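If you want the building blocks of each chain, they are given just below.
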Amino acid sequence: MSLTLWTNCRAATMQPDAAQPYGLIEQAALVVDGATLHWVGAEPELPAELRRRCTERHDAQGALVTPGLIDCHTHLVYGGDRAEEFELRLNGASYEEIARRGGGIASTVRATRQASAEELLRQSGARLRGLLAEGVTTLEIKSGYGLALAHERKALQVARALGQGHPVEVRTTFLGAHALPPEFAGAPDAYVDEVLRMLGLLHGEGLVDAVDAFCERIAFSPGQVERVFEAARQLGLPVKLHAEQLSDSAGAQLAARFGALSCDHLEWLSEAGAAAMAAAGSVAVLLPGAFYFLRETKLPPVEALRRHRVPIAVSTDCNPGTSPCTSLLLMLNMACTLFRLTPEEALAGVTRHAARALGLRDRGVLAAGMRADFVLWDVQRPAQLSYALGANPRLATVYRGALA
Ligand code: DI6
Ligand code: FE
């Protein structure tokens, strides 16, 4: 067994219930065994016998170490962009108006269908590398811009290929119920039938880790979402939901009934919705990039989430229409400035709670037995990660035990 020792660092372990904020350990040492953390603690407490067994040693030169960042909600794989729509909005059109006129998601669906797998891989790879440059080691990628079997398959295959070609673990989510494709205009229930058929086939091909839907006036009704969730349950797949982004449809309560991993957006979440999420153990994924980009004014009910002890995650929502963003560090800042999360809550939101939002129990904190995914930062204190706008103090990423 070959062990690797990292010393001369401060570690924000993000361990819950730790005595120090951020689970901070001064003068920390980490011992890595293959792809797993074997020991994490204060260096003076490192057993001499364990130190002797470390055949490889790294001096972190005073860096701050955090768990690898986890971006738990992205639509990273899509064709084209929506800069033109951005311009329209700045000339007075609203997001909902553009969507009703066949723009919005529908225009990205056209571009995504036109793009070959190679082209999608190229365009999405550039975005992925933006995230990796800031220390992301796990990310979720949703389909939902194909909206037809061949194109949903293509997007999910590209997502898998991105994971294979980069030092990152990609979790795929089938979001067939994202928007109504033109072929099914006026026939949403028939499209939901098609969503169920696609889900069965794509799951059979090993392309689906979870199932999501967009529950909204401009998308799918709670009744339609429920059919998708029933199908997911039959297949043993976890669900999550784009809920209460533009209005309150009680999507959170619906998702909670299916034990959802997370409910995402949540600007219009009610007290009852927060209570239902708490009872179901669902994570609240806040997406400040979309809030900012749409210039929303209705804030997610952070106080209610805290009161109900709903874990809060933070993510980019990387997508062409409402959050063309490949910076999770910027989202930390926005979660603090716009939503008033504390820097500690924000960092937990892209580590421990983001892992939970993906149903992953082997990462998101630095502790023995967890995956050896961690980031070395050139900062003194963890709050600097959410404080700066546009800085990238990452020094190095260790992914599954190896320098990435
Ligand atoms: N909510 C969003 O913010 C994105 N999808 C969703 O369900 C927007 C997608 C887009 O406009 O392309
Ligand atoms: Fe989204």
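Here, every reference points to the structure presented above.
One structure accompanies this document, and this report is about it. (Residues numbered from 1 in each chain as written. Chains lettered and ligands numbered in written order. Predicted model: local features only at pLDDT ≥ 70, side-chain atom pairs only at ≥ 80, totals over all residues. Heavy atoms only, no water.)

### Quick word on the site of ligand 1
Right, so step 1: Among the 14 residues in the neighbourhood of ligand 1, the closest are listed as Arg82, Tyr95, Tyr145, His178 and Thr322.
Right, so step 2: Residue His178 places a side-chain N or O atom 2.8 Å away from a nitrogen atom belonging to ligand 1.
Right, so step 3: The side chain of Gln245 places a nitrogen or oxygen atom 3.0 Å from a nitrogen atom of ligand 1.
Right, so step 4: More than half of the atoms belonging to ligand 1 lie within 2 Å of the grid points that define the largest cavity.
Right, so step 5: A breakdown of the residues in the shell around ligand 1 according to their chemical character gives four nonpolar, eight polar and two charged. (Near = heavy atom within 4 Å. Polar contact = N/O pair within 3.5 Å; in protein donor to acceptor, adjacent residues only side chain to side chain. 1 Å grid on protein atoms, 1.4 Å probe; cavity = no way out; pocket = protein on both sides within 12 Å on 5 of 7 lines; lining within 4 Å. Sits in = over half its atoms within 2 Å of the grid points. Nonpolar A, V, L, I, M, F, W, Y, C, P; charged D, E, K, R; others polar.)

### Some details on the layout of surface pockets
Right, so step 1: The computed volume of the largest pocket comes to approximately 850 Å³.
Right, so step 2: Lining the largest pocket are 34 residues, with Pro16, Pro311, Arg352, His353 and Arg356 sitting closest to its centre.
Right, so step 3: Broken down by secondary-structure element, the contributors of at least two residues to the lining of the largest pocket are α12 (302-307), α14 (343-349) and α15 (352-357).
Right, so step 4: In terms of residues, the lining of the largest pocket owes the most to one element, α15, which gives four residues. (Points joined across faces, edges and corners; volume = space filled by probe spheres on them. Helix = DSSP H or I, 4+ residues; strand = E, 2+ residues; numbered from the N terminus.)

### As for the pairing of strand β14 (residues 394-399)
Right, so step 1: Pairing analysis gives four bridges linking strand β13 (residues 374-377) to β14, with the strands arranged antiparallel. If you follow Val375 over to β14, its bridge partner there is Thr397.
Right, so step 2: Of the pairings in the sheet, the one linking β14 to strand β15 (residues 402-403) comprises two bridges and is antiparallel in character. Each bridged residue has a counterpart across the sheet, and for Val398 the counterpart in β15 is Leu403.
Right, so step 3: Counting the residues that bridge the hairpin from β14 to β15 gives two residues, and of these Arg400 lies at a positive phi of roughly 50 degrees. (Pairing = 2+ DSSP bridges.)

### Quick word on the environment of Glu216
Right, so step 1: Its place among the elements puts Glu216 in the loop between β8 (210-213) and α8 (222-235).
Right, so step 2: In this structure the C-alpha to C-alpha distance between Glu216 and Ala179, which are 37 residues apart in sequence, comes to 9.9 Å.
Right, so step 3: Sequence-distant contacts of Glu216, defined by excluding residues within four places in its chain, comprise Glu244, Gln245, Leu246, Ser247 and Ser249.
Right, so step 4: A polar side-chain atom of Glu216 sits 3.0 Å from the main-chain amide nitrogen of Leu246. (Contact = heavy atoms within 4.5 Å.)

### Let's talk about the sheet that holds strand β6 (residues 136-142)
Right, so step 1: Taken together, four strands build an open sheet; the order of strands is β5-β6-β7-β8 and the sheet is parallel. Each end of this open sheet is capped by a strand with a single partner; those strands are β5 (69-71) and β8. Averaged over all pairs of adjacent strands, the angle between strand axes in this sheet comes to 20 degrees, irrespective of strand direction.
Right, so step 2: Against the sheet, helix α7 (residues 188-204) touches β7 (169-177) and β8, its axis set at about 150 degrees to β7. (Axes fitted to C-alpha atoms, helices over the stretch in contact; angles between N-to-C directions.)

By themselves, these figures tell us nothing about what the structure is for.
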